[in-house]
Amino acid sequence: MISPDRFLADLERLRHFGAAGVGKGVVRPAYTAPDVEARDWLAARMTEAGLAPRFDAMGNLFGLADGPSLLLGSHSDSQPTGGWLDGALGVIAALEVARASREAGGPAISVVSFEDEEGRFGVTTGSAVWSGGLSLAEADVLTDHDGVSLAQARAILGDRVGPDIDPAQFTGFVEMHIEQGPTLDTVGEQIGVVTEIVGIRDRVITLTGQQNHAGTTPMALRRDAFQGLAAFNARLNERFRNVVTPQTVWTIGHVSVGPNASSIVPGEVRFSMQWRDGDPDRLGRMEEIIESTVQEIASEMGLTVAFGPLLGLEPVKMDADLRARLEQAADMIAPGAWRTMPSGALHDATNLSRLMPVAMLFVPSIGGISHAFEEDTDEQDLVAGLRVLAHAAGVDQALT
Ligand code: GLV
Ligand code: MN
Ligand code: MN
């Protein structure tokens, strides 16, 4: 039987790996000690649940049921400063559904926690490699913002790593997640059944000028890389105006100014440029505008520009049959309090859609806050989501 208490206790236990900040924040980025310790704990919980834990080369952790099975899960790494539910919820809900199903002699359910969904090294890196969207060799040379390569970081897995996990054993993938936006919370509904996940592009851009003395270098003679970034940002927002929709988003979220000192004209600025939309053509148009605008600014201000690799994922639609199962379950468990909706956040489900039918459900995020220590969801919404997931997976609904 599904046990909300056991589910909530496991969720709480997982939060303690990397617990940080006020409230329920976590700091558990991919391949850090708290991330790997959490994975070891999860592997032990999988064993107790009668599942066979297996790590692949990326550190994706599978808890395998015997024979063909439905795969449930998400990720258990976090943003550099993140919330306790992003990813963790889908993994622990999967564990509870798989465990309850085994106890009740129900359908075979396997569990997964993907690694580096939060993109320390790229974009949903663990599931991108498992699904064949990125080779391990390509992934290994990606670096984080401190210059550490993925190959160096994943060495922390040591002898946990086993053989590749064959995707052919899974009949489909269902991921439960917090919404990470304001929609459900604003309208007071409990469940969102996802229709599609938007596409993303992400790349690092470096502007280089001339490092110089901040007291003696006349403004007219400066080649200030930070001024270049500031001008680029303002002009980009202008240029996007006729291209974007209210759903399109773009973010410069990481900036590294060199050498980052009060009395030095910055010689270099390295920044992340990320943009998301449901229309691949619009993503391409935005890419052209970004490139031409940064080139233009660079030549006006005497800077040079270098582009890092363009990473990204295409928009994907959810599988109609799995989605129908979630809708039917939502209607039973939260009648009049659910809706269908697109996902503006990225998820491992995007990568898995290459391999098998995929679907997703959301529960509300209080205040629409996520990727922040304040991220939270009411317990009754967490449990409603668990029940919808269990029902859609064909697992007994009786509650202990
Ligand atoms: C994943 O968390 C994302 O950036 O959407
Ligand atoms: Mn997530
Ligand atoms: Mn996230």
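On a predicted model such as this, the values are computed, not experimentally measured, just so you know.

A.B. asks: Kindly report on the coordination of the manganese ion (ligand 3), identifying the contributing residues and their values.
C.D. replies: Taken together, the protein donors to the manganese ion (ligand 3) comprise Asp86 (OD), Glu118 (OE), Glu118 (OE) and His371 (NE2), at separations of 2.1 to 2.4 Å. Read from N- to C-terminus, the donor residues coordinating the manganese ion (ligand 3) fall into the pattern D-x31-E-x252-H. If you look at the manganese ion (ligand 3) and the manganese ion (ligand 2), they sit 3.5 Å from each other and are both ligated by Asp86. Of this pair, Asp86 sits in the loop between β3 (69-75) and α3 (88-103) while His371 sits in the loop between β17 (358-363) and α12 (379-392), and the two are 285 residues apart along the sequence. We classify His371 as partly exposed; its relative accessible area is 39%.

A.B. asks: Any chance you could break down the pattern of salt bridges for me, citing the residues and the numbers?
C.D. replies: Across all of its chains, the model carries 25 salt bridges by this definition. Arg235 is paired through a salt bridge with Glu300; the nearest N and O atoms lie 2.9 Å apart. Here Arg235 is found in helix α8 (residues 225-240), whereas its partner Glu300 is found in helix α9 (residues 280-301), with 65 residues between them in sequence. With its nearest N and O atoms 2.8 Å apart, the salt bridge here joins Glu327 to Arg323. Placement of both Glu327 and Arg323 in helix α10 (residues 320-333) is noted, with a separation of four residues, approximately one turn of the helix. Given the relative accessible area of 23%, Glu327 is considered partly exposed. One salt-bridge network, held together by shared partners, links Arg6, Asp10, Arg45, Glu48, Glu96, Arg99 and Glu103.

A.B. asks: Describe the site of ligand 1, naming the residues involved and giving the relevant values.
C.D. replies: Within the structure, ligand 1 sits among Glu117, Glu118, Arg276, Ala345, Leu346 and His371. For ligand 1, an oxygen atom lies 2.7 Å from a polar atom in the side chain of Arg276. A distance of 3.0 Å separates an oxygen atom of ligand 1 from a polar atom in the side chain of His371. Burial of ligand 1 by the surrounding chains reaches 90%, relative to a free accessible area of 190 Å². Here the shell around ligand 1 is composed, by residue class, of two nonpolar, one polar and three charged.

About the criteria used
The numbering scheme is per chain: residues are counted from 1 as the chain's sequence reads. Whichever chain is written first becomes A and whichever ligand is written first becomes 1, with later ones labelled in order. For a predicted model such as this one, the threshold for reporting local features is a pLDDT of at least 70, and the threshold for listing and counting side-chain atom pairs is 80 or more; totals across whole chains, interfaces and linings nevertheless cover every residue. With hydrogens and water set aside, each side-chain value is computed from the structure's full complement of heavy atoms. Any N, O or S atom lying within 2.8 Å of the metal counts as a donor, and for Na, K and Ca the limit rises to 3.2 Å; water is left out, so some sites can look incomplete. Numbering of helices and strands starts at the N terminus; helices are DSSP runs of H or I of at least 4 residues and strands are runs of E of at least 2. In this scheme, a residue with accessible area under 20% of its type's maximum is buried, one over 50% is exposed, and one in between is partly exposed, where area comes from a 1.4 Å probe on protein chains only. Definition used for salt bridges: Asp or Glu carboxyl oxygen within 4 Å of a side-chain nitrogen of Lys or Arg. In this text, near means that some heavy atom of the residue lies within 4 Å of the molecule or strand in question. Polar contact is defined as a pair of N or O atoms within 3.5 Å, subject to the rule that within protein one atom must be able to donate a hydrogen and the other to accept it, and that residues adjacent in sequence are counted only when both atoms are side-chain atoms. The protein chains shown are the only cover counted for residues, whose accessible areas, like all others here, come from Shrake-Rupley with a 1.4 Å probe. Classification used: nonpolar for Ala, Val, Leu, Ile, Met, Phe, Trp, Tyr, Cys and Pro, charged for Asp, Glu, Lys and Arg, polar for all others including Gly.

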